[in-house]
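Fold and geometry: a report
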Protein chains: 2
Amino acid sequence: MLDELRVRPGLDLARIDPHSTPGWTDGRAAAEQTMHDQLDELSELQEKLFAHGRQGGTRRVLLVLQAMDTAGKGGVVRHVVGAVDPQGVRIASFGAPTPEELEHDFLWRIRAQLPQAGKIGVFDRSHYEDLLVPAVRQGRSEDELADRVTAIRDFEAELAAEGTVVRKVMLHISRDEQKERLRKRLERADKHWKYNPHDLEDRARWDRFQAAYRWMLQATDADEAPWYVVPADRKWFARFAVHTILLEALRGLDLDWPEADFDVEAEKRRLEAS
Amino acid sequence: MLDELRVRPGLDLARIDPHSTPGWTDGRAAAEQTMHDQLDELSELQEKLFAHGRQGGTRRVLLVLQAMDTAGKGGVVRHVVGAVDPQGVRIASFGAPTPEELEHDFLWRIRAQLPQAGKIGVFDRSHYEDLLVPAVRQGRSEDELADRVTAIRDFEAELAAEGTVVRKVMLHISRDEQKERLRKRLERADKHWKYNPHDLEDRARWDRFQAAYRWMLQATDADEAPWYVVPADRKWFARFAVHTILLEALRGLDLDWPEADFDVEAEKRRLEAS
């Protein structure tokens, strides 16, 4: 499935159906059963990563989530990331930069939220907002943003070289599905807090966002920090795909339980005497 | 149950059986069923708290966990806190202070890890280590630590006044049960990473730790920041008790879904026209 989701040169978002399920033909029930069956493995891999971090290991995982509003980032975090031990996870959300953040390089606040060694970091929006927002709302050209693209590529290459497994996901929702989800937020009093009138301003710029994503995904895709476009009109598929991306990232670390850094038999004797 | 667990003047830890289940006579299966039945309510209350935070509300919850090694803090975080949306939770672990932390007041690093408004913060160890460690390992007297006690009481009163619901839990394990749990960590290669030879040094000071806890719990119990002693030899009871403490803390906030801060009907029309 990951092959089918990976961004390729010549990417055309308009040709990826947000309602499709690339690389998966077995439907919803089988996807949910597969996720359920893989939960123990996912938990164990996360715990191994954590254990290594506790013994001085430097490996960590960073999952970057980008999407138009209502595409389901929150649900992915809750249902996929929520399946592992919360002590091993660091979630960071990035909104509009604060005045303090604006005084620094755009990656300053990003670096401050990187997960510690042994943890899985999740970015709910990210440094990619620093390409999208100028491109769409401020009309900056690709040339004007070339320095930022370079800075991001260098930053992620540096992360990978340090042992961070970087995986980047764009949840790809359709304009019609967004309308339906916003409608639900307006219809239910317990969902009003999720609605922001400004969401309609970005919605009005839909095509410009899609064009900016198309450019950005290709400009910043790298083998050591790959982008995946995950069709997200079907929530179950989006969750299954991100679950699979996370699971494969952890499998790729190929971690065993760390060796004891003490004499096990001697400690058994000390314990029994205590 | 909370009444039975709350610290009272004259507390004698030696008289609280770590294998007991104060305030609960229905056994394990009923406790687990009750937790299961209350999951939706717990999730909804957490989401209401989060929603208020998003709309400028200042309420938050801080759950402080203290215990001897192996008492089950990790399991509580995983199973109780892990039941709610990870986006609404901030977990902080406090080990030995770093050189930078030692240059500041002992509450400096604690303040830096407080949850944002709308979130549930969980402290895995806390500023209470700054009473326990000097009292036990450095032999400091209660008089010498009186300033720190005052600083902590003032700090927690300030938190409460700002709208933070503070709940403090000591997981109370027996010396025999600790031995059994350490034994398991030594017997299983996948548990070695959880074992630290220094754990036996604190184990050797068991009675001094119990005396320090006894003093500390009484000196820092307050109606706006109460301590609960949770017998923890039975993991299911410890988890059920902390679940109940967290649930009651959230219920006590008495939150409704926040009112929309926009004109719902006007937004519906804008959306349909979009």
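Residues numbered from 1 in each chain as written. Chains lettered and ligands numbered in written order. Predicted model: local features only at pLDDT ≥ 70, side-chain atom pairs only at ≥ 80, totals over all residues. Heavy atoms only, no water.

Notes on the overall build of chain A
In terms of helices and strands, chain A carries 13 helices and five strands. At 20 Å, chain A has a C-alpha radius of gyration in line with the 19 Å of a compact globule built from 274 residues. With respect to the principal axes defined by its C-alpha atoms, chain A has extents near 70 × 45 × 40 Å. Of all 274 residues assigned to chain A, the portion counted as buried reaches 53%. Looking at chain A alone, contacts between residues at least 24 apart form 82% of all its contacts between residues at least 6 apart. Working note: accessible area of chain A is about 12400 Å², and carbon and sulfur atoms make up 43% of it. Separation of charge centres in chain A, based on 41 positive and 50 negative side chains, amounts to 5 Å. (Helix = DSSP H or I, 4+ residues; strand = E, 2+ residues; numbered from the N terminus. Rg over C-alpha atoms; globule rule 2.2 N^0.38 Å. Buried < 20%, exposed > 50% of the residue type's maximum accessible area, 1.4 Å probe, protein only. Contact = heavy atoms within 4.5 Å. Areas by Shrake-Rupley, 256 points an atom, 1.4 Å probe, with all protein chains shown as cover. Lys, Arg positive; Asp, Glu negative; His and termini not counted. Charge placed at Lys NZ, Arg CZ, Asp CG, Glu CD.)

A look at the side chain of A:Arg6
Residue and element names in this part refer to chain A. Here Arg6 is to be found in the loop between helix H1 (2-5) and helix H2 (27-37). A polar side-chain atom of Arg6 sits 2.9 Å from a polar atom in the side chain of Asp221. Not counting the four nearest positions on each side in its chain, Arg6 is found in contact with Asp221, Ala222, Asp223, Pro226, Trp227 and Tyr228. (Polar contact = N/O pair within 3.5 Å; in protein donor to acceptor, adjacent residues only side chain to side chain.)

A short note on the nonpolar core
Grouped together as the largest cluster of nonpolar side chains are 78 residues, with contacts concentrated most on A:Leu171, A:Val230 and A:Leu250. The element best represented in this core is helix H12 (residues 235-253) of chain A, accounting for 12 residues. When residues no more than four places from it in sequence are discounted, the contact partners of A:Leu171 are A:Gln66, A:Ala67, A:Ala71, A:Gly72, A:Lys73, A:Val76, A:Val230, A:Ala232, A:Ala238 and A:Val242. Ranked by size, the runner-up nonpolar core spans 76 residues in total, among them B:Leu62, B:Phe155, B:Tyr213 and B:Ala232. (Core = buried A, V, L, I, M, F, W, Y, C linked by side-chain atoms within 4.5 Å.)

Section: the interface of chain A and chain B
Contact residues are listed per partner, giving 44 residues for chain A and 44 residues for chain B. Between chain A and chain B, the buried area comes to about 4100 Å², and carbon and sulfur atoms account for 61% of it. When residues of chain A are sorted by the area they lose upon contact with chain B, A:Arg78, A:Trp193 and A:Leu271 head the list and together hold 19% of the total. In this structure, the connection of chain A to chain B is made through four salt bridges. Note that B:Arg183 is salt-bridged to A:Glu272, the shortest N-O span being 2.8 Å. One can count 16 residue pairs in polar contact (both at pLDDT 80 or more) joining chain A with chain B. Those elements that provide at least two residues to the side of chain A that touches chain B are helix H3 (39-54), helix H4 (73-79), helix H9 (175-187), helix H10 (199-204) and helix H13 (264-272) of chain A. Counted by class, the side of chain A that touches chain B contains 19 nonpolar, seven polar and 18 charged residues. (Buried area = accessible area lost by both parts, 1.4 Å probe. Salt bridge = Lys/Arg side-chain N within 4 Å of Asp/Glu carboxyl O. Nonpolar A, V, L, I, M, F, W, Y, C, P; charged D, E, K, R; others polar.)

Topic: the relation of the copies chain A and chain B
Take chain A, turn it by 180°, move it 0.0 Å along the axis, and it overlays chain B with an RMSD of 0.0 Å. Read as a symmetry element, the transformation amounts to a two-fold axis. In this assembly, 100% of the residues forming the interface of chain A have copies in chain B that are likewise at the interface, indicating an isologous arrangement. (Least-squares fit on C-alpha atoms with pLDDT ≥ 70 in both.)

Considerations on the packing of aromatic side chains
Considering all chains together, one arrives at 12 aromatic pairs over all chains under this definition. Here the aromatic rings of A:Phe50 and B:Trp193 are separated by 5.8 Å at their centres, their planes lie at 80°, and the arrangement is edge-to-face. Taken together, the residues A:Phe50 in helix H3 and B:Trp193 in the loop between helix H8 (175-187) and helix H9 (199-204) connect one chain to another. Aromatic pair A:Phe94 and A:Phe123: ring centres 5.0 Å apart, planes at 80°, arrangement edge-to-face. (Phe/Tyr/Trp six-rings, centres within 6.5 Å; stacked < 30°, edge-to-face > 60°.)

What to know about the packing of helix H8 (residues 146-161) of chain A against helix H11 (residues 206-220) of chain A
Residues and elements named next belong to chain A. Contact pair H8 / H11: the axes reach a minimum separation of 10 Å and the direction vectors enclose 45°. The angle between H8 and H11 places the two elements in the oblique class. H8 and H11 meet at a crossing whose hand is right-handed. Of the residues in H11, those in contact with Val149, Ile152, Arg153 and Glu156 of H8 are Trp215, Ala219 and Thr220. Its residues assigned to classes, the contact of H8 with H11 comprises four nonpolar, one polar and two charged. (Axes fitted to C-alpha atoms, helices over the stretch in contact; angles between N-to-C directions. Parallel < 35°, antiparallel > 145°, perpendicular 65-115°, else oblique. Left-handed = near helix turned anticlockwise from the far one by under 90°.)

Description of the environment of B:Pro9
Of note, B:Pro9 is situated in the loop between helix H1 (2-5) and helix H2 (27-54). For the pair B:Pro9 and B:Ala29, spaced 20 residues apart in sequence, the C-alpha to C-alpha distance is 33 Å.

A word on the UniProt feature "domain: Polyphosphate kinase-2-related" (unreviewed entry) in chain A
In this numbering, the UniProt entry assigns the feature "domain: Polyphosphate kinase-2-related" (unreviewed entry) to residues 31-251 of chain A. Within the segment residues 31-251 of chain A, helix and strand shares are 52% and 14% respectively, and the terminal C-alpha atoms sit 19 Å apart. (UniProt positions renumbered as here; feature names shortened; annotations may be inferred.)

What about helix H10 (residues 206-220) of chain B?
Helix length check: H10(B), at 15 residues, gives a terminal C-alpha distance of 21 Å against a target of 21 Å (1.5 Å per residue), a fit within 8%. Listing the buried residues of H10(B) in full gives B:Trp206, B:Phe209, B:Gln210, B:Ala212, B:Tyr213, B:Trp215, B:Met216, B:Leu217 and B:Thr220. (Expected span 1.5 Å × (residues − 1).)

Digging into unusual backbone geometry
All names here are of chain B. Not every positive phi belongs to a glycine, and Arg125 is a case in point at roughly 65°. With respect to the helices, strands and loops of the structure, Arg125 is situated in the loop between strand E3 (120-124) and helix H6 (129-136). For Asp254, which is not glycine, the phi torsion reads 55° and is therefore positive. Here Asp254 lies in the loop between helix H11 (235-253) and helix H12 (264-272).

Some details on H12(B)
Among the residues making up H12(B), those that are buried are B:Val264, B:Glu267 and B:Leu271. All buried residues of H12(B) project into a common sector of 60° when viewed along the axis, lining one side. For H12(B), the secondary structure elements touched by its buried residues are H9 and H10 of chain A. The residue sitting at the N-terminus of H12(B) and contributing the capping side-chain oxygen is B:Asp263; that oxygen lies 3.1 Å from the backbone nitrogen of B:Glu265. (Arc of directions from axis to C-beta.)

Details of the sheet that holds strand E4 (residues 164-172) of chain A
Residue and element names in this part refer to chain A. Pairing in this open sheet of five strands is parallel, and the strands run E2-E3-E1-E4-E5 from one edge to the other. Lying at the two open borders of the sheet, with one neighbouring strand each, are strand E2 (89-93) and strand E5 (227-231). Neighbour to neighbour, the strand axes of the sheet diverge by 20° on average, direction disregarded. Of the pairings in the sheet, the one linking E4 to E5 comprises five bridges and is parallel in character. Across the sheet, the residue bridging to Val169 is Tyr228, located in E5. Running over the sheet, H12 touches strand E1 (60-67), strand E3 (120-124), E4 and E5 and is turned about 170° from E4. (Pairing = 2+ DSSP bridges.)

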